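Descriptive structure summary
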Amino acid sequence: MIQNIKHPKRLPLDQAPLKSLKELEFLLGEDRATLWRLADWEQNYAPFQQGKSQKPHSSKPVSPKLRHIDNPKDDLKRVQKKILRRLLEPVKLPDYFFGAVPKRSVGCHAKRHLGATTIVKMDIESYYPNITARHVYKVWTAVLGCSPEIAALLTKLTTCNFYLPQGAPTSPALANLLLASFYDPVVKICMDLGVTTTVWVDDLTFSGPRAREVIEPARHTFAANGLKTSRQKLEIFGPRDAKHVTGPRLGLEALRASSKTLSDIRAGLSISAARVLQLKERRKMFRACKARSPMFGRSVQQMLK
């Protein structure tokens, strides 16, 4: 059985660490020739730029900024899904990790901070692009115990252009494992200060009266491991501020919908009511036309679809 290790230096799999290509072939159900062919990132990614879509019922203009998606091709993505299911998901992460962890939700994450008077939110800058192939190799060797040969192949299968790719099924799990491997100093400081910490992918949340005191130690810890936290996205909420954690607003004893969510719901209800009225008017027109001529009514019905 896998142990739930609070602050892991190494996270064991439910089987012995992979040491040979034969074991990897058996576990993934793929021959080594296929694995090495898919390890060539230049041939197995189809990158594109993606813009943000308009949110339902939102009147706010969409940002023109485009997001780079590395987009592994189908064969590589199929193998990456196997790596995720058979090698990464069996590893139990500490209970302060929530993002991209099965059976851990946004609501469960936010509830950890209910009743807090002070909340600090930090963001890891350009998270995936700044996680390098060297970081990923460290996860496969130092964290998961794979042999150098297997770690090198798995690193090639799960990175693109020497960094962690956007759009790959394995990327969130590998990012979590990397962070878990060096987050222990931050957790220790939080415990000493009576601060609660949680992680949602690249968002770090700290709550408690002394949460501000964690900011600089967290920055130093990430810098020592080749990552930076964004100063522009640092948020501090005091006792009188409305507090939001990954969406939900924190009440005194329960989670509540944010004001933006409530505004979107009201707009949606208003639009839905208008559409219902429009549909009633269409049906009324159709009945009137059909009463005058069945054929004319069918023509009107086709136009109104």
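Attention here is on the structure that accompanies the text. (Residues numbered from 1 in each chain as written. Predicted model: local features only at pLDDT ≥ 70, side-chain atom pairs only at ≥ 80, totals over all residues. Heavy atoms only, no water.)

1. Overview of unusual backbone geometry
Going by this rule: A run of H or I in DSSP becomes a helix once it reaches four residues, and a run of E becomes a strand once it reaches two; helices and strands are each numbered from the N terminus. Any residue under 20% of the maximum accessible area for its type is buried, any over 50% is exposed, and the rest in between are partly exposed; the area is computed with a 1.4 Å probe on protein chains only.
For Ser126, which is not a glycine, the phi torsion comes out positive at approximately 40 degrees. Among the structural elements, Ser126 can be located in the loop between β3 (119–123) and α6 (127–130). Phi is positive for Asn161, close to 55 degrees, though the residue is something other than glycine. Looking at the secondary structure, you find Asn161 in the loop between α8 (148–158) and α9 (171–182). You can call Asn161 partly exposed: its relative accessible area is 36%.

2. Overview of α8
This is how it is decided: It only takes one pair of heavy atoms within 4.5 Å for two residues to be counted as in contact.
What α8 keeps buried is the set Ile150, Ala151, Leu153, Leu154, Thr155, Leu157 and Thr158. Where the residues of α8 are buried, they touch α1 (21–28), α2 (32–38), α4 (74–88), α7 (133–143) and α9.

3. A look at the environment of Arg37
Structurally, Arg37 can be placed in helix α2. The sequence separation of Arg37 and Leu76 amounts to 39 residues, and the corresponding C-alpha distance is 9.4 Å. Excluding its chain neighbours within four sequence positions, the residues that come into contact with Arg37 are Asn44 and Asp75.

4. Description of the nonpolar core
Considering soluble globular proteins, one finds that nonpolar side chains tend to be buried as a cluster. Put simply, the rule is: Within this scheme, the nonpolar core is defined by two criteria: the residues are buried Ala, Val, Leu, Ile, Met, Phe, Trp, Tyr or Cys, and they are joined through side-chain atoms within 4.5 Å.
Judged by nonpolar contacts, the single largest core of 62 residues is most densely connected at Leu24, Trp140, Leu179, Tyr183 and Phe206. For this core, the element with the most residues is α9, which contributes 8 residues. Dropping the residues within four chain positions of it, Leu24 is found in contact with Leu18, Leu35, Leu87, Ile150, Leu153 and Leu154. By size, the runner-up hydrophobic cluster in this structure holds 6 residues, among which are Ala110, Ala116, Ile119 and Val245.

5. So, α9
Note the threshold: Here a helix's expected span is defined as the number of its residues, less one, multiplied by 1.5 Å.
The end-to-end C-alpha separation of α9 is 17 Å, in line with the 16 Å expected for 12 residues at 1.5 Å each. Counting buried residues in α9 gives 11 out of 12 residues, a clear majority hidden from the surface. Within the sequence span of α9, burial applies to Ser171, Ala173, Leu174, Ala175, Asn176, Leu177, Leu178, Leu179, Ala180, Ser181 and Phe182.

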